[in-house]
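Remarks on the overall topology
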Amino acid sequence: MIPRILLCLALCLPAPAMAENLANKLFGAKQAPSQQDPMPIGSYARGCAAGLVELPETGPTWQAMRLSRGRNYGHPAMIGFLIELSQAAAQIGWGRGLYIGDISQPRGGPMTSGHASHQIGLDADIWWLAPQRLDLSAKARENISSIPMRSADQRSVTEAWGPRAAKLLKIAASDPRVDRVFVAAAIKIELCRGATKADKKWLQKIRPIAGHDTHFHVRLKCPKGARLCETQKPTVADLSNGGDGCDDTLTWWVTDYLNPPKGAKKKPKDDDAPRKKGPREFTLADLPKQCRTVLASD
Ligand SMILES: [Zn+2]
C-alpha cells in the first residue's frame, strides 16, 4: 500500500508549472491595456478588464503614485471621475489636488501583491496626503509615504483630519457614479457625529473597512451598458439600519472588533479587507471566460 502522504504529494500538490499559470501572474505581467472596447468583466474582486486607459502620470491637479507598480489604469469612467475629483479637491483647497494610488493593472485581474479587489478598473485608492506639489519625480513617488488619517489604536482620527477631508469625502460619495467609498471606521464615526438628515444619503455610501488608514478607496458602479460587469448588492447592514450606517454596526469597529469578547461572532467578510497572507490566488478557470480573450488580445 502506498503511504497516504506520498499519494498526496503526487495528487494534492499543484504541479510546479501551476504557479506560473496563476491568473495573478499572467495579469501582473501585462504591460499595456488590451486593444478592445472598454468593458469591466466580472466582479470587483474576481474579474478583469478590457480596454482600460492610463491615468496620465501627472496632470494639472493630480499625480499618480508608485508608478513602478503599473497600476494607474482604469475604466474610462474611472479615469474621468478621478480627474474631476482632483479638480474639485484643488478647488476646496485640498492641497493642489490629489495623489492617486493604485487603480488597476493594465488589464485588471487579480494581483500578485496587495488588493483583493481593484480587478475590473472601477476601484481607486486616494492618498490622505494632500499634495503640496505636483512635480514629484518618479523616484520621489516611490519613496514618499501618505499620512495616517486614523490613530494607531484605530479608535480615532488623527490631527490631519478636518473639514476639508470631510468635504472631499462628501464630494466623492455624492457623485452618482460612485457606488461606495471605503474608509477606516474612525473616519466614518467622525462623519456621523453631528450629521444631519440631509447627510444620510451620501453617508450611506461611506463604508467602514479594515486597514485604509492612509488612503480612502472609491468604487464606481458598473457603467451603463457594461453588460459583463457584475453589480454589488448593498450589504445587509445598510438595509436594516435606515440607510446611513451610523449605528451599532459602526460602533462595533471600535469595540468588539478591536477587543473581541469570548465567543463573539466572526466579523463580516469583506472583499477588500487586506489579507495577511497576500491576495487570493486565482487560476484562469476561476475568472469569467472573457478574461482569456483579454489576456490574448493585442
Ligand atoms: Zn483599495
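A closer look at the packing of aromatic side chains
- Tallying each qualifying case throughout the model produces four aromatic pairs.
- Consider the rings of Tyr99 and Trp127, whose centres lie 6.3 Å apart with planes at 85°: the pair is edge-to-face. Of this pair, Tyr99 sits in strand S7 (residues 98–100) while Trp127 sits in strand S8 (residues 123–127), placing them 28 residues apart in sequence.
- Here Trp128 and Phe216 contribute two aromatic rings whose centre-to-centre distance is 4.7 Å and whose plane-to-plane angle is 45°, an arrangement assigned as tilted. Taken together, the positions of Trp128 in the loop between S8 and helix H5 (138–143) and Phe216 in strand S11 (residues 215–220) put the pair 88 residues apart, joining distant regions of the chain. This pair shows no difference in class: Trp128 is buried, exactly as Phe216 is.
- Through pairs of rings, three or more aromatic residues link up here, namely Trp94, Trp128, Trp161 and Phe216.

Overview of empty space enclosed by the protein
- With the rule as written, the count across this model stands at two cavities of 30 Å³ or more.
- Empty space within the largest cavity amounts to approximately 70 Å³.
- Taken together, Arg150, Gln154, Ala184, Ala185, Ile209, Ala210, Gly211, Trp253, Val254, Tyr257 and Leu258 make up the full set of residues lining the largest cavity.
- Residue classes in the lining of the largest cavity are distributed as eight nonpolar, two polar and one charged.
- If you add up the space inside the second largest cavity, you get close to 40 Å³.
- Every residue along the wall of the second largest cavity is listed here: Met65, Arg66, Leu67, Gly70, Arg71, Asn72, Gly101 and Asp102.

Topic: the pairing of strand S2 (residues 46–50)
- Among the five residues of S2, four are classified as buried, and the element is accordingly described as predominantly covered.
- With five bridges joining them, strand S1 (residues 39–43) and S2 adopt antiparallel strand pairing. Bridge pairing links Gly42 to Gly47 in S2.
- With antiparallel pairing between neighbouring strands as the criterion, S1 and S2 make up a hairpin whose turn holds two residues.

Conventions used here
Residues numbered from 1 in each chain as written. Predicted model: local features only at pLDDT ≥ 70, side-chain atom pairs only at ≥ 80, totals over all residues. Heavy atoms only, no water. Phe/Tyr/Trp six-rings, centres within 6.5 Å; stacked < 30°, edge-to-face > 60°. Helix = DSSP H or I, 4+ residues; strand = E, 2+ residues; numbered from the N terminus. Buried < 20%, exposed > 50% of the residue type's maximum accessible area, 1.4 Å probe, protein only. 1 Å grid on protein atoms, 1.4 Å probe; cavity = no way out; pocket = protein on both sides within 12 Å on 5 of 7 lines; lining within 4 Å. Points joined across faces, edges and corners; volume = space filled by probe spheres on them. Nonpolar A, V, L, I, M, F, W, Y, C, P; charged D, E, K, R; others polar. Pairing = 2+ DSSP bridges.

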